[in-house]
Amino acid sequence: MSGTLKMKTLGAVLRSAGKPRPYSVSRPLELVELELDPPGPHEVLVELRAAGICHSDLSVIDGSRQRPTPMLLGHEAAGIVLQTGRNVIHLKTGDHVVAVFVPACRHCGSCDAGRPALCAAGNGANGAGTLLSGQRRLHAGAEAIHHHCGISGFSKFAVMAENSLVRIDKSVPFDIAALFGCAVLTGVGAVMNSAKVTEGQHVAILGLGGVGMAAVLGARAAGAASITAIDTVPHKLAQALKLGATATYCADAADVIDRVREATQGGVDVAFDMSGSVKALESAWHITRRGGRTVSCGLPDPKHLLSLSPAQLVAEERILQGSYLGGGDPALDIPRYVNWYQNGKLPVDALISASLPLLEINEGMDALASGTALRQIIVFH
Ligand SMILES: [Zn+2]
Ligand SMILES: [Zn+2]
């Protein structure tokens, strides 16, 4: 393949946020044939094989997470490196890779401190809808298309920064591999890195989407003594029990906080809000015991505010913690979690509720928004 050849790719582009549901009718994601520039320095061309549909994509579509448009969405993906640009150090053609939703520059203070989630260059590029280089490699005729989280995974082909990618073992099926980039990285990372859950601790998880269910698996792998799972959707509660939850509660029940506090003798050691709702985060706070830790991976609308008692924070020596990108270094965490999957310690294949073609992406967004789906995977052929 020539270094200057422009590829064509079919991608799911969001032109404007805030279209009404059902998305099967309003069709916020348009399938558009796009031109893809060759990879620049430190960039690679990837043939994507699978991409997960995550709630953060939905938040961009409904406008609660504002991003520049037009944007090709998708931020949980896996594929094969087809071509490398100049100065690519870590990857070669044929490598199997998982995409990570914050590219790390690897030379700022945050990256040096082992906290790439805080990389200013990576987060700046994500906010601007560019690759880490500041460039956009996607075009519809004369119009440049923004990248989503440096990935834009709802497309057969993508150009990404090499630092957006982590190489994985070639034996992992691509639909499962994709999960490690967001759901598993975020959910298991919150348990292992942010909260550092240890054997015998009592934990609760609120919000049983892909990230929340991955946290259930993570808590089981960490040896939690009890795992309380809370959601509004009954079949998700049933699924959580299969994955390792030891008790479940409907989030809509008026007395859920009192019941959990009573069942856990004053609250859990660690409560995780995985829902992106302020109400769930406040509930997580109220079911955390004195001296305990409340961790949130949710990303609610930035205008929403939290209402907590600072006196309780101090007098009960509480910890309230945010966790982004799994609270660690994806380049180290993803191979570790893949290894746990291969050893049976982390059966993440149970997170996949359906596979669908790219053509059905708007229907997939409806299924996610209505709560009927866990993790749906777009499979490319
Ligand atoms: Zn995600
Ligand atoms: Zn950095």
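Visitor: How should I be thinking about the overall build of the protein in this particular structure?
Guide: Within the protein, the regular secondary structure consists of 13 helices and 18 strands. Computed over C-alpha atoms, the radius of gyration of the protein comes to 20 Å, within 12% of the 21 Å expected from 2.2 N^0.38 for 381 residues, which places it in the range of a compact globule. When each of the 381 residues of the protein is scored for burial, the buried share is 50%. Excluding contacts between residues fewer than 6 apart, the proportion of contacts in the protein whose partners are at least 24 apart in sequence is 70%.

Visitor: What is the right way to look at unusual backbone geometry in this model?
Guide: Most of the time, phi is negative for any residue but glycine, and the peptide bond is trans. Of note, the bond from Arg 21 into Pro 22 is cis; its omega dihedral lies within 30 degrees of zero at 0°. With respect to the helices and strands, Pro 22 occurs in the loop between strand 1 (7-14) and helix 1 (23-26). Residue Thr 69 is joined to Pro 70 through a cis peptide bond whose omega torsion reads -5°. Along the chain, Pro 70 falls in the loop between helix 2 (55-62) and strand 4 (71-72). One non-glycine residue, Asn 87, lies in the positive phi region at around 65°. Position of Asn 87 among the secondary structure elements: in the loop between strand 5 (77-84) and strand 6 (96-99). Judged by the 10 C-beta atoms lying within 10 Å of it, Asn 87 is exposed. The backbone of Arg 106 sits at a positive phi, close to 70°, despite the residue not being glycine.

Visitor: I would appreciate a short explanation of the environment of Pro 39 in the present structure.
Guide: Its location among the elements puts Pro 39 in the loop between strand 2 (29-36) and strand 3 (43-53). A C-alpha to C-alpha distance of 7.7 Å links Pro 39 and Gln 83, two positions 44 residues apart in sequence. If near-sequence neighbours (up to four positions away) are discounted, Pro 39 is found in contact with Val 44, Leu 45, Gln 83, Thr 84, Gly 85 and Val 159.

Visitor: It is not clear to me how the nonpolar core should be interpreted in this structure. Could you clarify?
Guide: With 117 residues, the main nonpolar core has Ile 205, Ala 215, Val 216 and Phe 272 as its most contacted residues. Split by domain, the residues of this core number at least three in each of domain 1 (7-181 + 347-379) and domain 2 (187-323). Excluding its chain neighbours within four sequence positions, the residues that come into contact with Ile 205 are Gly 212, Ala 215, Val 216, Ala 219, Ile 227, Ala 229, Phe 272 and Met 274.

Visitor: Whenever I open this one, helix 12 (residues 330-342) confuses me. Can you help?
Guide: Residues spaced three or four apart along an α-helix point in a common direction, a consequence of the helix completing one turn every 3.6 residues. Taking 1.5 Å per residue, 13 residues should reach 18 Å; helix 12 reaches 18 Å between its end C-alpha atoms and fits that length. Here helix 12 has its buried residues at Pro 330, Asp 333, Ile 334, Tyr 337, Val 338 and Tyr 341. An end-on view of helix 12 places all buried positions within 130° of arc, on one side of the element. Residues of helix 12 that are exposed and angled more than 90 degrees away from the buried face: Leu 332 and Gln 342. In this structure, the buried side of helix 12 is in contact with strand 6, strand 10 (165-167) and helix 6 (183-194). Following helix 12 by one or two positions, Gly 344 has its phi on the positive side, about 85°.

Visitor: In this structure, what is going on with the domain arrangement of the protein? I would like to understand it.
Guide: By a widespread convention, an interface's size corresponds to the accessible area lost as its parts come together. Segmenting the protein into domains produces domain 1 (7-181 + 347-379) and domain 2 (187-323). Placing a centre on the C-alpha atoms of domain 1 and another on those of domain 2 gives a separation of 28 Å. The element that contributes the greatest number of residues to the side of domain 1 that touches domain 2 is helix 2, accounting for 3 residues. Each residue belonging to the side of domain 1 that touches domain 2 can be placed in one class, and the counts come to 6 nonpolar, 6 polar and 2 charged.

Visitor: In this structure, what is going on with helix 4 (residues 120-128)? I would like to understand it.
Guide: All buried positions along helix 4 are accounted for by Ala 121, Gly 122, Ala 125 and Asn 126. In a view along the axis of helix 4, the buried residues occupy a sector of 135°, so they form one face of it. The outward face of helix 4, more than 90 degrees from its buried face, is lined by the exposed residues Ala 120 and Gly 127. Backbone geometry just downstream of helix 4 places Gly 129 in the positive-phi region, at approximately 75°.

Visitor: What is the right way to look at the packing of helix 6 against helix 12 in this model?
Guide: When two helices pack together, their arrangement is captured by the angle between the axes and the distance separating the axes. Packing of helix 6 against helix 12 leaves a shortest axis separation of 10 Å and a crossing angle of 95°. Relative to helix 12, the element helix 6 lies roughly perpendicular. When helix 6 is examined against helix 12, the residues Val 184, Leu 185, Val 188 and Gly 189 are found in contact with a partner set consisting of Pro 330, Asp 333, Ile 334 and Tyr 337. Classifying every residue of the contact of helix 6 with helix 12 by side-chain character gives 6 nonpolar, 1 polar and 1 charged.

Calculation criteria
- Residues numbered from 1 in each chain as written.
- Chains lettered and ligands numbered in written order.
- Predicted model: local features only at pLDDT ≥ 70, side-chain atom pairs only at ≥ 80, totals over all residues.
- Helix = DSSP H or I, 4+ residues; strand = E, 2+ residues; numbered from the N terminus.
- Rg over C-alpha atoms; globule rule 2.2 N^0.38 Å.
- Buried ≥ 20, exposed ≤ 12 C-beta atoms within 10 Å, placed from the backbone.
- Contact = placed C-beta atoms within 7 Å.
- Core = buried A, V, L, I, M, F, W, Y, C linked by C-beta atoms within 7 Å.
- Domains from an automatic or database assignment.
- Expected span 1.5 Å × (residues − 1).
- Arc of directions from axis to C-beta.
- Nonpolar A, V, L, I, M, F, W, Y, C, P; charged D, E, K, R; others polar.
- Axes fitted to C-alpha atoms, helices over the stretch in contact; angles between N-to-C directions.
- Parallel < 35°, antiparallel > 145°, perpendicular 65-115°, else oblique.

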